[in-house]
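The residues making up each chain are set out below.
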Amino acid sequence: MTLDVDAVRAFVTIADLQSFTRAAEALGSTQGAISVKLKRLEERLDHRLIERTPRSVRLSAQGAVFLESARDFLCAHDRAVMALSSPRRHFALGIAAHVAGPEVPTLLARLNAHDPGLTIEVQLDTSRALLDAFDRGELDAAIIRREDDRRDGEVLGPEHFGWFAAPQFEHRQGEPLKLAALSSVCGVRDISTRALDAAGIAWTEVFLGGGSSVVTAAVSAGLAVSAFSCRLAPADTVEVSQRFGLPPLPSSEIVLHSTLTDTKSREALRTLACAFREHRASSH
């Protein structure tokens, strides 16, 4: 048995985007052509791979089994094609420090597997700094927490925040709340201090870190309380909103910004977005 590369690519794209229409757009094709390729692949394998209803598009049981093998098949094909002919390309990606988590190795591995010709440069900074760098044309793409009222970018998922501290941290009533933050220009810092001010809770910063790892270390050591994304809070800390009577923090969104339009770059961005969503889904 031999498999048609374009048909397998159509199946993987449909599975990733859960839409025939979006898959056709991503592959520069039409919905009808994508449907025909999928049907031929299913006939070739003698299995239904995609369950399609007027309201949903999802993997069948057989499709779920085949998906990772299909990815490996495409990666092997693309590596073979590009090994001798593809020049290395540069891809500058910014990931906000308050967004970057355990999914980053998955993102980079998926990008490399998708396009071995990529030289990947990753910058970690605040959402605001990365958005400025993106607007200046210094980044090809940026994954950040949504800033202010700016509505552009592809939404990758919601982001929920909480107050976290070491179990042994003590806050005496009447004293200012001790805070640790990423930096004085961090958007999450702004959200948390505004919430405290609105609730009439006095606070003082006792630790400002130049990176998320050092803020995590300070909170884990019991120096202060800090606002963290609930999915990225240090494992040795606890949520202390109720314990200390702290105000709820508003949720935000994680968005992907990019101005890349060529087919190869759009495929890389689709790979990036799908890997991010898959990792978030598997971690819940």
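Owing to the predicted nature of the structure, the values given are computational and were not obtained by experimental measurement.

A word on the overall build of the protein. Across its full length, the protein carries 10 helices and 12 strands. By residue count, 48% of the 284 residues in the protein fall in the buried class. Sequence separation of at least 24 residues holds for 75% of the intrachain contacts in the protein that already meet a minimum separation of 6. As displayed, the protein offers around 14300 Å² of accessible surface, 52% of which is attributable to carbon and sulfur atoms.

Turning to the side chain of S252, a few remarks are in order. Here S252 shows up in strand 12 (residues 252-258). Taking the relative accessible area as the measure of exposure, S252 reaches 14% and is therefore buried.

The description of an aromatic ring pair uses the distance of the two centres, along with the angle that the planes make with each other. Enumeration according to the criterion identifies 3 aromatic pairs in this entry. Measuring from centroid to centroid gives 5.5 Å for F11 and F66, while their planes differ by 35 degrees, and the two rings are tilted. One end of the pair, F11, is in helix 1 (residues 5-17); the other, F66, is in helix 4 (residues 61-82), and 55 residues separate them in sequence. Residues F11 and F66 agree in their burial class; the two are buried.

Along its 13 residues, helix 1 runs 18 Å from first to last C-alpha, staying within 8% of the 18 Å computed at 1.5 Å per residue. The element helix 1 is largely enclosed, with a buried count of 12 among its 13 residues. Residues of helix 1 that are buried: V5, A7, V8, R9, A10, F11, V12, T13, I14, A15, D16 and L17. Between a side-chain oxygen at the N-terminus of helix 1 and the backbone nitrogen of D6 the separation is 3.3 Å; the capping residue is D4.

What counts and what doesn't
- Residues numbered from 1 in each chain as written.
- Predicted model: local features only at pLDDT ≥ 70, side-chain atom pairs only at ≥ 80, totals over all residues.
- Heavy atoms only, no water.
- Helix = DSSP H or I, 4+ residues; strand = E, 2+ residues; numbered from the N terminus.
- Buried < 20%, exposed > 50% of the residue type's maximum accessible area, 1.4 Å probe, protein only.
- Contact = heavy atoms within 4.5 Å.
- Areas by Shrake-Rupley, 256 points an atom, 1.4 Å probe, with all protein chains shown as cover.
- Phe/Tyr/Trp six-rings, centres within 6.5 Å; stacked < 30°, edge-to-face > 60°.
- Expected span 1.5 Å × (residues − 1).
- Polar contact = N/O pair within 3.5 Å; in protein donor to acceptor, adjacent residues only side chain to side chain.

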